[in-house]
Amino acid sequence: MDEYVLGIDLGTSAVKVSAVDRNGEIKAQESFDYPLNQPQTGYSEQNPNDWVMSTTVAIVRLILDDHIAPQSIKGISYSGQMHGLVLLNKDNQVLRPAILWNDTRTTKQRHEIETQMGDQFEAITGNRPLEGFTLPNLLWIKENEPQIWKETATFLLPKDYVRYRMTGKLGIDYTDATGTTLLDINTNQWSKLLCEKFDIPEKILPPLLKSTQYVGNITDQYAEFSGLSTETKVFAGAADNAAGALGAGILNSNQVLSSIGTSGVILKYEDQPNPGYHGTLQMEDHPDGGYYSMGVTLAAGYSLSWFKKTFCNDMSYAELNQAAQKSTIGSNGLVFTPYIVGERAPYADANTRGSFIGVDGKQNLGDFIRAVMEGIVFSFEDLLNIYREQGSEISTIVSIGGGSKSEIWLQMQADIFNRPVIKLKNAQGPGMGAAMIAAVGLGWFKDFQECAKQFVHRDQVYQPISANVKKYAEIYAIYHQVYEQTKQINHELQDYKKQNNI
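Predicted model, so just to flag it, every value in this text is computed and none were measured. Sequence order as written defines the numbering, with residues in each chain counted from 1. Local features are withheld for residues below a pLDDT of 70 in this predicted model, meaning they are given only at 70 or higher, and side-chain atom pairs are given and counted only at 80 or more; totals for whole chains, interfaces and linings count all residues. Values reported for side chains reflect all heavy atoms of the structure, with hydrogen atoms and water molecules removed beforehand.

Engineer: Explain the UniProt feature "binding site: substrate" (unreviewed entry) in the protein to me, and be specific about the residues and the numbers.
Structural biologist: UniProt positions are given in the numbering used here, feature names are shortened, and annotations may be inferred rather than shown by experiment. The positions UniProt marks with the feature "binding site: substrate" (unreviewed entry) are Met82 and His83. In this structure, Met82 sits in the loop between strand 5 (73–80) and strand 6 (86–88). Contact criterion: two residues are considered in contact whenever any of their non-hydrogen atoms come within 4.5 Å of each other. Here Met82 is in contact with Trp101, Leu157, Thr175, Asp176, Gly179, Ala239, Asp240, Asn241, Gln282, Glu284, Tyr292 and Met294, once residues within four sequence places are set aside. Position of His83 among the secondary structure elements: in the loop between strand 5 and strand 6. Buried residues are those whose accessible area, probed at 1.4 Å on protein chains only, stays under 20% of the maximum for their type, while exposed residues exceed 50% and partly exposed ones sit between those limits. With a relative accessible area of 2%, His83 lands in the buried category. Setting aside chain neighbours within four positions, we find His83 in contact with Ile99, Trp101, Gly132, Phe133, Thr134, Asn137, Leu157, Asp176, Gly179, Gln282 and Arg344. The way it works is that DSSP assigns letters per residue, a run of H or I at least four long becomes a helix, a run of E at least two long becomes a strand, and they are numbered from the N terminus.

This is the structure in structure tokens:
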């Protein structure tokens, strides 16, 4: 009988569950959507029980429709959206909807943290206390929902709640713990100083786990619910970007990950925490015991899906690519900045918004589509320039997510980055990384380096085209001016919307 591990990738809009064999081949894959709730401007929430139900549906389909025998599933691990806050009471019941990573309600709490801690906060956590991060969310709950705060017995992050429902065990792995901005990245322990400073009871902090740590087996209750076997072992897992780095084979410091999902990520492996980024880039624990840094564009793929839904919803993504291909480098003089939900890096600004600059009566739909695609990659170039300023040597860039499924987008990345861009055969990213965690946890491989040789395979390399590199450099220089020149206008517009309850 074949043996499999399940990689559960809990995203912002859907869960994807992949059954991967010992050779690193995906034998079956199922996904299921769940809603995103935005009850007010800047709010972004989900019902944690929706994650559990959707994950279970995907697993049931693997068993019934794809004929993956429960006894053949030897291990399970997870990749999960980062930062999201799940609050549980003393009976481990959910107290309120989870506040997600792309929620921007906590500007006040962010400023309070920065005022009280200054640069010391970044020195402890490796990060700034940005909107959507777990600590500012906790402080918002404490200030605005005191009864919920009083009832809080522990908190988890999204994938950790799903794992709890499958195993009955509470915990958080180190890669997600760093994203809470409550972990001391220098000691890899919860920061007593931060807890004391902001009156966070240490008793609500979940136990810390290594990504490959065995947590427990599937419970009898969840086995009956899902069809899984109670013999299946469960391992802690990792934050989605950490798992994405694993799934793309980012295991040394000269490789960079370019991931275009709902958000966008430029990620680099680090041997040690690097204080030189001064919080502009996030610094997180890597599943292999090292570290990684990353910069996040809040609305990468979301910018394209927003544009499609709003202006051309009858077109497929393939048709969008075809329309963009008919435009020119620079989109016939049109520039788009993808700040449509605010921005995280390099501009930590929840109140900025996106722009189309250079709108011309001669431009067509293809120009606008291409401008959106180019603007997303330009935002990534902003992040790569931070690494260049630090003297980092970047030999290759591995593309995953939506940006790896489009020929035009892959070549665009190579030309704008002026570096070879690698497309993978199994460009699953976080889901494959989750499967790798389970495979190493089971002892199928001695470490992630050995596992990557079996699980991660290159498909094609896109080389930069020198003529395109030159043209894109000219357009990028224009793009790079837009944020500073529209910042004040965007802030005034946001103030106007708040004053008028828009």
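Back to the text.
Engineer: Just give me the short version of helix 4 (residues 134–144), but keep the residues and values in it.
Structural biologist: Extensive coverage of helix 4 is indicated by the burial of eight of its eleven residues. For helix 4, the complete set of buried residues consists of Thr134, Leu135, Pro136, Asn137, Leu138, Leu139, Trp140 and Ile141. Buried residues along helix 4 sit against strand 6, strand 7 (98–99), helix 2 (107–117), helix 3 (119–125), helix 5 (146–151) and strand 8 (154–156).

Engineer: Now, about the UniProt feature "site: Important for activity" (unreviewed entry) in the protein: what can you tell me, with residues and values included?
Structural biologist: Here, UniProt's "site: Important for activity" (unreviewed entry) annotation points to Asp9. Here Asp9 is to be found in strand 1 (residues 4–10). Each residue touching Asp9, except ones within four places of it in the same chain, is listed here: Ala14, Val15, Lys16, Ser79, Pro430 and Gly431.

Engineer: Hey, could you go over helix 17 (residues 466–499) for me, with residue numbers and the actual values?
Structural biologist: In this analysis, the expected span of each helix is defined as 1.5 Å times one less than the number of residues it contains. The end-to-end C-alpha separation of helix 17 is 49 Å, in line with the 50 Å expected for 34 residues at 1.5 Å each. Remark: the principal bend of helix 17, roughly 50°, maps to Thr486. The set of residues buried in helix 17 consists of Asn468, Val469, Tyr472, Ile475, Tyr476, Tyr479, Val482, Tyr483, Thr486, Asn490 and Gln494. Elements that come into contact with the buried residues of helix 17 comprise strand 20 (335–337), strand 21 (355–357), helix 13 (365–389) and helix 14 (407–417). In the segment just after helix 17, Asn501 is the residue with positive phi, at about 55°. In this scheme, the bend at a residue equals the angle between the axes fitted to the seven residues that finish there and the seven that begin there.

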